[in-house]
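# Descriptive analysis of the structure
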Amino acid sequence: MVLRHAEMLKDWGLTVDFGEHAFCKRDYLAGTDEERLADFNAALRDPDIRAICTTRGGKGSYRIADQLDFAAARRDPKFVVGFSDITALHLSFLKHCHQIGIHGAFFAGPNDDTVSAETNHSLRRVLMTTQDIVINSRLEEPTSHLTTSGSVTGRLIGGNLDMVATTAGWALPDLRGAILLLEAVNVYRGHVDRQLTMLRKAGHLNGLSGVAIGQFTGFEFDRNFSIIDILREHLDMLGVPVLGGLPLGHGNSPVSALIGAVAELDAKAGTLTIKRSDT
């Protein structure tokens, strides 16, 4: 799979190289913490490397997110591409050196091993152009039922809910004035409820401008008290515009977004527009 994705990047005219430990394994992790950190920091320090693409979802990213070479990232900013657990790295880079990351990957989705044309095109557009990025809500996404009204502008911060909660207090940036992006996959309803309760009661969600809800994958949406009901309870307490149904996450044909960039959320229009000129 990794080699197949490398060929896609080469088809775009890019030169692809691999970290020394890119194919290492340590049980459910892609090598030891030291191996993964060495590869990542070597890439940050190499002036010839212009983007760092993670090979998979990045389990254990939170274990090394505070040990990245932030000085190298400040000297020579470059995109880090990934989502899911890689959210921990995006948030840590944003907190320590205001580096914008790409929430996206060559993700095939839950029902196929083929990367969709939409996913492919979206990642290429974010990575290789300077155009504004307009992401449209999809009515077929169950979280579209969470959409309220209103329009707000703020930096898009967040990603995987599990990682937003995991980094709270040490790698999560200040969210005041931000649009919070949330997506989740294969966790229990109670798990989501506990995480949102902690984030809200600890004050991490104070001062949000809005909330962008991506794909919540692996849930039973027809239950009497579904994940949509749980999300709505917490989001209503925030009193800010909410746009659901965004194709960001682990669902079908996910697209890419820029974490840390200025975005406009328009609930009525059903759009999340990332402004490249304001970033």
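Above this text sits the structure in question.
Residues numbered from 1 in each chain as written. Predicted model: local features only at pLDDT ≥ 70, side-chain atom pairs only at ≥ 80, totals over all residues. Heavy atoms only, no water.

### A short note on the overall build of the protein
Helix and strand counts for the protein stand at nine helices and eleven strands. Expected size for 279 residues packed as a compact globule is a radius of gyration near 19 Å; at 18 Å, the protein falls within 12% of this value. Each principal axis of the C-alpha distribution contributes one length, and for the protein these read about 50 × 40 × 35 Å. Counting all 279 residues of the protein, 52% fall into the buried class. Within the protein, counting contacts between residues at least 6 apart in sequence, those at least 24 apart form 76% of the total. Side chains of the protein give 28 positive and 33 negative charges; the mean places of these two sets differ by 3 Å. (Helix = DSSP H or I, 4+ residues; strand = E, 2+ residues; numbered from the N terminus. Rg over C-alpha atoms; globule rule 2.2 N^0.38 Å. Buried < 20%, exposed > 50% of the residue type's maximum accessible area, 1.4 Å probe, protein only. Contact = heavy atoms within 4.5 Å. Lys, Arg positive; Asp, Glu negative; His and termini not counted. Charge placed at Lys NZ, Arg CZ, Asp CG, Glu CD.)

### Details of the side chain of Asp-33
Structurally, Asp-33 is set in helix α2 (residues 33-45). Apart from the residues within four sequence positions on either side, Asp-33 is in contact with Arg-63 and Ile-64.

### Quick word on the packing of aromatic side chains
According to the stated counting rule, one finds seven aromatic pairs in the structure shown. Summarising the aromatic geometry, the rings of Trp-12 and Phe-106 are spaced 5.5 Å apart at their centres and angled 55° between planes, so their arrangement reads as tilted. Separated by 94 residues along the polypeptide, Trp-12 in the loop between α1 (2-11) and α2 and Phe-106 in the loop between β3 (101-103) and α6 (117-128) bring together distant segments of the chain. Each of the two residues, Trp-12 as well as Phe-106, counts as buried. (Phe/Tyr/Trp six-rings, centres within 6.5 Å; stacked < 30°, edge-to-face > 60°.)

### Points about the sheet that holds β3
In space, the four strands of this open sheet follow the order β1-β2-β3-β9, with mixed pairing throughout. Unpaired on one side and paired on the other, β1 (51-53) and β9 (257-259) mark the two borders of the sheet. On average, adjacent strands in this sheet sit at an angle of 25° to one another, irrespective of strand direction. Direction of pairing for β1 relative to strand β2 (residues 79-82): parallel, over a ladder of three bridges. Directly across from Ala-51, in β2, lies its bridge partner Phe-79. (Pairing = 2+ DSSP bridges. Axes fitted to C-alpha atoms, helices over the stretch in contact; angles between N-to-C directions.)

### A few points about the pairing of strand β10 (residues 262-266)
Both strand β5 (residues 151-160) and β10 contribute to a ladder of five bridges, which runs antiparallel. Looking at β10, one finds that Val-152 is bridged to Leu-265. Two elements, β10 and strand β11 (residues 271-274), share four bridges in a ladder whose sense is antiparallel. In the strand pairing of β11, Ala-263 is matched with Ile-274. Hairpin connection between β10 and β11: a loop of four residues separates the two successive antiparallel strands, and Gly-270 in this loop has a positive phi of roughly 75°.

### Brief notes about the nonpolar core
In terms of nonpolar packing, the biggest core is built from 60 residues, with Ile-135, Leu-156, Leu-272 and Ile-274 touching the most fellow members. Per-element tally for this core: the top contributor is strand β6 (residues 179-185), with five residues. Counting residues in hydrophobic clusters, the runner-up holds 18 residues, among them Ala-43, Ile-64, Ala-65 and Phe-93. (Core = buried A, V, L, I, M, F, W, Y, C linked by side-chain atoms within 4.5 Å.)

### Quick look at the sheet that holds β10
Reading across from one edge, β4-β11-β10-β5-β6-β7-β8 is the order of the seven strands in this open sheet, with mixed pairing throughout. Here the strands that pair on one side only, and so sit at the sheet edges, are β4 (133-136) and β8 (242-243). As paired strands, strand β7 (residues 210-217) and β8 are joined by two bridges and run parallel to one another. Opposite Ala-212, over in β8, you have Leu-243 as the bridge partner.

### Notes on the side chain of Arg-36
Looking at the element boundaries, Arg-36 is found in helix α2. Arg-36 has contacts with Leu-29, Ala-30, Gly-31, Lys-59, Gly-60, Ser-61, Arg-63 and Ile-64, leaving out every residue within four places of it along the chain.

### Observations concerning unusual backbone geometry
The backbone phi angle of Asp-27 is positive, close to 55°, even though this residue is not glycine. Within the secondary structure, Asp-27 sits in the loop between α1 and α2. The backbone phi angle of Asn-186 is positive, close to 55°, even though this residue is not glycine. When you line up the elements, Asn-186 lands in the loop between β6 and α8 (189-201).

### Re the pairing of β2
In this structure, β2 lies alongside β3, joined through two bridges in parallel fashion. Bridged to Gly-82 within β3 is His-103. With respect to chirality, the unit in which β2 leads through helix α5 (residues 87-97) into the neighbouring parallel β3 is right-handed. (Right-handed = clockwise from strand over helix to strand, strands pointing away.)

These figures capture arrangement, not role.
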